[in-house]
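# Survey of secondary and tertiary structure
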Amino acid sequence: MFIWLGISIVFFIIEAIVPGLISLWFGIAAAITMILSPFLDNYFHEFYVFIILSIIIFIITKKVSKNWKTKKRDKVDRIRGSIVEIKSINDKGLYEIYLDGKNWTGKSYDSLEVGEKAEVIGIEGIRLVLKKLEDK
């Protein structure tokens, strides 16, 4: 029982140090195996339960993270291509804009003036990347 507690703690520490859901499912599986260990006959059965739980939790975690990434990508895709108006230019030369109910900071390789329209072509960190709209 205490062996699985130690294994669980080790996997959670590894997960805290190395980001990216590397060992989370092993830590959860070890914790569940620790709870189930008094009801199992020997270490081989405990190990089999640990392996099966790890695989199940891995599959569930993968599906959940895939859905989460898809939703996140949809938000970025919705913003990309939007037309925005430059509200102001701050001290650092970045453009202040309002989009989708939020104030954003934008940057552009083109020179933009207050009141001018620009297209959002991407996101870098927390800044929108803007492109000057060409007059037609």
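We now turn to the structure provided with this report. (Residues numbered from 1 in each chain as written. Predicted model: local features only at pLDDT ≥ 70, side-chain atom pairs only at ≥ 80, totals over all residues. Heavy atoms only, no water.)

### Remarks on the overall build of the protein chain
When its secondary structure is counted, the protein chain shows three helices and five strands. The order of helices and strands in the protein chain, counted from the N terminus, is α-α-α-β-β-β-β-β. For the protein chain, the residues scored as buried account for 26% of the 136 residues in total. Considering only intrachain contacts with a sequence separation of at least 6, the fraction spanning at least 24 residues in the protein chain is 40%. Carbon and sulfur atoms make up 64% of the accessible area of the protein chain, which amounts to about 9,700 Å² in all. (Helix = DSSP H or I, 4+ residues; strand = E, 2+ residues; numbered from the N terminus. Buried < 20%, exposed > 50% of the residue type's maximum accessible area, 1.4 Å probe, protein only. Contact = heavy atoms within 4.5 Å. Areas by Shrake-Rupley, 256 points an atom, 1.4 Å probe, with all protein chains shown as cover.)

### A short note on the sheet that holds strand β2 (residues 95–99)
Remark on secondary structure: sheet strands pair via backbone hydrogen bonds, oriented parallel or antiparallel. If you walk around this closed barrel you meet the five strands as β1-β2-β3-β5-β4, and the pairing is mixed. Pairs of neighbouring strands in the sheet enclose a mean axial angle of 55°, with direction left out of account. The pairing of strand β4 (residues 117–124) with strand β5 (residues 127–132) spans six bridges and is classified as antiparallel. Bridge assignment links I123 to a residue of β5, and that residue is L128. (Pairing = 2+ DSSP bridges. Axes fitted to C-alpha atoms, helices over the stretch in contact; angles between N-to-C directions.)

### Points about the pattern of salt bridges
Counted by the stated rule, this structure contains three salt bridges. A salt bridge links K117 to E85; its shortest N-O distance comes to 3.6 Å. Of this pair, K117 sits in strand β4 while E85 sits in strand β1 (residues 83–89); the two residues are 32 residues apart in sequence, bridging distant segments of the chain. Assessed through its relative accessible area of 42%, K117 is described here as partly exposed. Owing to a relative accessible area of 30%, E85 belongs among the partly exposed residues under this scheme. The partner of K107 in a salt bridge is E124, and the shortest N-O contact between them spans 2.5 Å. (Salt bridge = Lys/Arg side-chain N within 4 Å of Asp/Glu carboxyl O.)

### Structural notes on the pairing of β4
Strand direction decides the pairing type here: β1 and β4, joined by three bridges, are antiparallel. Looking at the pairing, V84 lines up with A118 of β4. Joining the antiparallel neighbours β4 and β5 is a turn of two residues, in which G125 adopts a positive phi near 70°.

### Thoughts on unusual backbone geometry
Positioned with a positive phi, D100 is a non-glycine residue whose angle comes to about 55°. Locating D100 in the fold gives a position in the loop between β2 and β3 (102–108).

### Some thoughts on the packing of aromatic side chains
Remark: the centre distance and the inter-plane angle together describe each pair of aromatic rings, the angle taken between the planes. In total, this model carries seven aromatic pairs according to the counting rule given. Centroid distance W25 to F58: 4.7 Å. Interplanar angle 70°. Geometry classified as edge-to-face. A residue pair is termed long-range when its members are at least 10 positions apart, and W25 in helix α2 (residues 24–36) and F58 in helix α3 (residues 43–79) qualify at 33 residues. Members of the aromatic cluster, joined through ring pairs, are W4, F11, W25, F26, F50 and F58. (Phe/Tyr/Trp six-rings, centres within 6.5 Å; stacked < 30°, edge-to-face > 60°.)

### Looking at the pairing of β3
In the sheet, β2 pairs with β3 via five bridges, with the strands oriented antiparallel. Paired with Y95 across the bridge in β3 is G106. In this antiparallel pair of consecutive strands, β2 and β3, the connection spans two residues, and D100 shows a positive phi of 55°. Examined bridge by bridge, β3 and β5 share four bridges and lie parallel to one another. Within the sheet, the bridge partner assigned to K107 lies in β5 and is V129.

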